[in-house]
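# Fold and geometry: a report
Okay, here's what each chain looks like letter by letter:
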Amino acid sequence: MRVPLSWLREYVDLPATETGRDVQAKLISAGLEVESVEQLGADLKGPLVVGQVLTIEELTEFKKPIRFCTVAVGIANGTGEPQEIVCGARNFAVGDKVVVVLPGAVLPGNFAIAARKTYGKTSHGMICSGDELGMGDDGSGGIIVLPPEAEVGTDAIELLQLVDEVLDIAVTPDRGYALSMRGVARETAIAYGLPLRDPALLDVPGPNAFGYPVRVSDPMGCDRFTARTVTGLDPDAHSPIWLRRRLQKAGMRPISLAVDITNYVMLELGQPLHAYDRSRVQGTIGVRRAEQGEKLTTLDGVKRTLNAEDLVITDDRGPIGLAGVMGGANTEIDDTEGTTTEVVVEAAHFDAISIARTARRHKLASEASKRFERGVDPQAASAAAQRTVDLLVLLAGGTADAGVTEVITPSAPHSITIPANHPDKVAGVDYGRETVVRRLQQVGCDVYGQDELIVTVPSWRPDLTDPNDLAEEVIRLEGYENLPSTLPKPPAGLGLTDRQRLHRRAGRALAGAGYVETPNYPFMGEQVLDQFGLAGDDPNRKVVKLVNPLSDEEPALRTTLLPGLLQALRRNDGRGSHDLALFETGLVFHPRAELRVAGRLPVDRRPTDEEIASLTAALPVQPRHAAVVLAGAREQAGWWGKGRPADWADAIEAARVLAREAGTELLVRSGQYGPWHPGRCAELAVVVDGTQRVIGHAGELHPRVLKALGLPARTCAMELDLDTLEEASSGHPKGPKISTFPVATQDVALVVDKAVPHADVEAALREGAGELLESIRLFDEYESEQLGGDRKSLAYALRFRADDRTLTVDEASAARDAAVALAAERTGAVLRGA
């Protein structure tokens, strides 16, 4: 919303010394977002005067039409003689009043004016257009032609109101009232503690039976419709300079007198209006929902196919306008023909949601729809219609018809009950009841009560619906800058949950292992699941889709962290970073079996446990996962030795790092799933309540997936369920016991079938060795023809230690033999060389 300071002063008696910057600071302090203050005419220097064209000589010897003019400027040039000026514009004639800039003046853009010879003549100044004076588009596209009553030689800077300050306000969706001079003036009056001259306080005649017939078939979509008629308009009347200039400063282009007046009143009062050529309206004006497939050509010349949810204005022929958005071409006031002498003025109040959806459905944003979808004062419709009628009578010589039509759906004002000290509790400041009541009354509320206030909100503030909204009004008017910077005092005994602690430890552990955290948006497209090669019945294919996704290519919430991580890896690899190790911990989303509608939680108190549980039950299941991806070199080569590329073992080790942080034993075995290479995929499992549960996979990605996603060769990945890992943990991880007694090391080499996993052999050895076993490590894997084509040798180093004594050779050997015996029983292992 662009607010000229000169216009604002009509409603608030601001001190003469107050500048636009001063008003900007006050409004920002009150909570309005004033982005800038434009200084109009700051670099403009006269003389700039009104002139009258005396003669025009056409110079035809040039490629483009050139005119040599003599213009009377009175005594502004110091001599009283006509001024000789060369001009290329052709939209003026002899006798017209024009704007003339004389030598010595400076136009916007530091354009100095001097006498100069051009086209074989000497031009002593310029005849100006609106663009040259920084006025913007006035619709003429050429020289400014002034009305005949303009006096020759008078100052055009003052006449055209070229010097002004314009505040540019970014109006947030909850403050639709600020899309009007009335709303901004009210905020300014409150900020300065000055009275407001409300432009909506007009004497409005009551409705009668003589007004233009109106039928509203959808009272929910249109709860108020006012129609007034003005006859006897002068079709040759044009908008006066002051009206055109105010529209231009506010960012609107003058069109014709009737349209300019409706736009002016909309800017003044915030109520969009529409004027119909009465001779082109047939029968009763109606308001209804469109029939599916109906056609309407709007004022922009586009023929539109209507939707059954669109609210339309009709006459006996059908739709003549999209309600609250744009009128139809078949009832347009055609100023070019100059035939409109009677108009019907519409001032209505439409449902905000309906107008917003219609504007977006037809991709047709307008000044009217922008206001309706943010909330328009329904009580202002009659005053806006009256103001429009008054201006049409004043400026176009019309006569106001005695008939007044008002169709109103009764509605009670909205009231809110609020404790008098509620703003104090929200802000942490002791305002007191008197301050709370005074501030609420300043914004237009009616307030009753003592300790418990009953507040009736004004019709122009539909955003005030809850006690916290009223608290915000008090706080912002008292000044956000006056709020103390105090830290809240948390109650003792609260801290992070076990889940939160594991989440933080997991992030620190992976970062310590050389991974870089890469948070991603929680959205994905379902096509990536096809690229992963997931089975049709895979649970990860059941996704939660968003009603309003940020991107049509990613309309679903992720069921796995890998798409975002792999996209980040591909992007970084494409930009020259080839040695990558990335990780992310975050939520994934799975739909519940039973869909529920989430209830609305209260804002004036803490929700009950039942309300929170009901809301949680309506949300998707959201387990927390951890994932890593690797590509390129895991260890860099240098003077210290050879490097090595990242491989499947690094991805598995990342899972083991997380398991150690959770204090959980991780079971690693051969697996096969989705995007991983079937021969280089490990299945990750833990034991929860005596049952093994698969929590993820790790290994090297399938070449087919790498090609589909454009990833580097041999890219590896791991993903597991952190929540299930926490369930399997025994609480906080415990530090290892340190014994002062020496270790006894025993090596064993076992021959097993190639199909037997190392993890099964290790598990049997660990269990068989008993409590004396401190650690076990696979240090060699060997295959040869001597062992047999289907056999392999696994060599383990077993470390034994006791807490209270030095182990004897016999004790260590006995523990080793027990371990080998259990491994032989479970896996068929035999000692190599036995």
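A short tour of the structure in this document, coming up. For clarity, every value in this text was computed on a predicted model and none was experimentally measured.

Here we come to the sheet that holds strand S22 (residues 326-327). Strand pairing in a sheet takes place through backbone hydrogen bonds and is either antiparallel or parallel in direction. One open sheet accounts for five strands, arranged S14-S17-S20-S21-S22; its pairing is mixed. Because the sheet does not close on itself, it has two edges, and the strands there are strand S14 (214-216) and S22. One ladder, built from four bridges, connects strand S20 (residues 311-315) with strand S21 (residues 318-322); its direction is antiparallel. For Ile313, the partnering residue across the bridge sits in S21 and is Gly321.

For helix H15 (residues 562-574), built from 13 residues, the straight-helix expectation of 18 Å at 1.5 Å per residue is met to within 8% by its first-to-last C-alpha distance of 18 Å. Within H15, the full set of buried residues consists of Leu562, Pro563, Gly564, Leu565, Leu566, Ala568, Leu569 and Asp573. Gly576, located one to two residues past H15, shows a positive phi value of around 100°.

Glancing now at the pairing of strand S31 (residues 580-587). Both faces of the sheet carry side chains from a regular strand, because those side chains alternate between them. Most of S31 is tucked away, with seven of its eight residues classed as buried. Sheet topology places strand S28 (residues 516-517) next to S31; two bridges connect them, and they run parallel. Paired with Val516 across the two strands is Leu582, which belongs to S31.

Taken as a whole and assessed by the stated rule, the structure comprises 55 salt bridges. Across the salt bridge formed by Arg600 and Asp466, the nearest N and O atoms sit 3.7 Å from each other. Separated by 134 residues along the polypeptide, Arg600 in the loop between S31 and helix H16 (609-618) and Asp466 in the loop between strand S27 (452-456) and helix H12 (467-478) bring together distant segments of the chain. Note on Arg600: relative accessible area 74%, which makes it exposed. Residues joined by salt bridges that share partners form a network here, namely Arg175, Glu187, Arg461, Asp463, Glu472, Glu473 and Arg476.

This structure, assessed with the given rule, holds zero disulfides. There is no disulfide at Cys69, and the cysteine sulfur nearest it, in Cys87, is 5.8 Å away.

For the pair helix H11 (residues 433-442) and H12, interaxial distance at closest approach is 9 Å and the crossing angle is 95°. Of the possible angle classes, the one that applies to H11 and H12 is roughly perpendicular. On H12, the residues that touch Thr435, Val436, Arg438, Arg439, Leu440 and Gln442 of H11 are Leu470, Glu473, Val474, Leu477 and Glu478. Residues belonging to the contact of H11 with H12 are distributed by class as follows: five nonpolar, two polar and four charged.

Examined against the element boundaries, His697 turns out to sit in strand S37 (residues 691-701). Setting aside residues no more than four positions away along its own chain, His697 makes contact with Tyr673, Trp676, Cys681, Ala682, Glu683, Leu684, Ala717, Met718 and Glu719.

A few words on the environment of Arg387. Topologically, Arg387 is positioned in helix H9 (residues 381-396). On a C-alpha basis, the gap between Arg387 and Asp203 in space is 9.6 Å, while along the polypeptide they are 184 residues apart. Contact partners of Arg387, with chain neighbours within four places excluded, come to Leu202, Tyr264, Val265, Glu268 and Leu269. Side-chain polar atoms of Arg387 contact the side chain of Glu268, separated by 2.8 Å.

Turning to the nonpolar core, a few remarks are in order. One finds Val3, Leu8, Val23, Leu27, Val265 and Leu392 to be the most contacted residues of the largest nonpolar core, which totals 53 residues. In this view, Leu27 contacts Leu32, Val34, Leu167, Ile169, Val184, Glu187 and Thr188; residues no more than four positions away in its chain are not counted. Formed by 31 residues, the second largest nonpolar core is a distinct cluster that contains Val628, Ala654, Ala698 and Leu725.

Turning our attention to the sheet that holds strand S36 (residues 676-688). Across the sheet, which stays open at both edges, the seven strands sit in the order S28-S31-S32-S38-S37-S36-S35 with mixed pairing between neighbours. Where the open sheet ends on each side, the last strands, each with one partner, are S28 and strand S35 (667-670). Bridge count between S31 and strand S32 (residues 624-631): eight bridges; the pairing is antiparallel. Along S32, the bridge assignment pairs Ala581 with Leu630.

Criteria and thresholds
Residues numbered from 1 in each chain as written. Predicted model: local features only at pLDDT ≥ 70, side-chain atom pairs only at ≥ 80, totals over all residues. Heavy atoms only, no water. Pairing = 2+ DSSP bridges. Helix = DSSP H or I, 4+ residues; strand = E, 2+ residues; numbered from the N terminus. Expected span 1.5 Å × (residues − 1). Buried < 20%, exposed > 50% of the residue type's maximum accessible area, 1.4 Å probe, protein only. Salt bridge = Lys/Arg side-chain N within 4 Å of Asp/Glu carboxyl O. Disulfide = S-S within 2.5 Å. Axes fitted to C-alpha atoms, helices over the stretch in contact; angles between N-to-C directions. Parallel < 35°, antiparallel > 145°, perpendicular 65-115°, else oblique. Contact = heavy atoms within 4.5 Å. Nonpolar A, V, L, I, M, F, W, Y, C, P; charged D, E, K, R; others polar. Polar contact = N/O pair within 3.5 Å; in protein donor to acceptor, adjacent residues only side chain to side chain. Core = buried A, V, L, I, M, F, W, Y, C linked by side-chain atoms within 4.5 Å.

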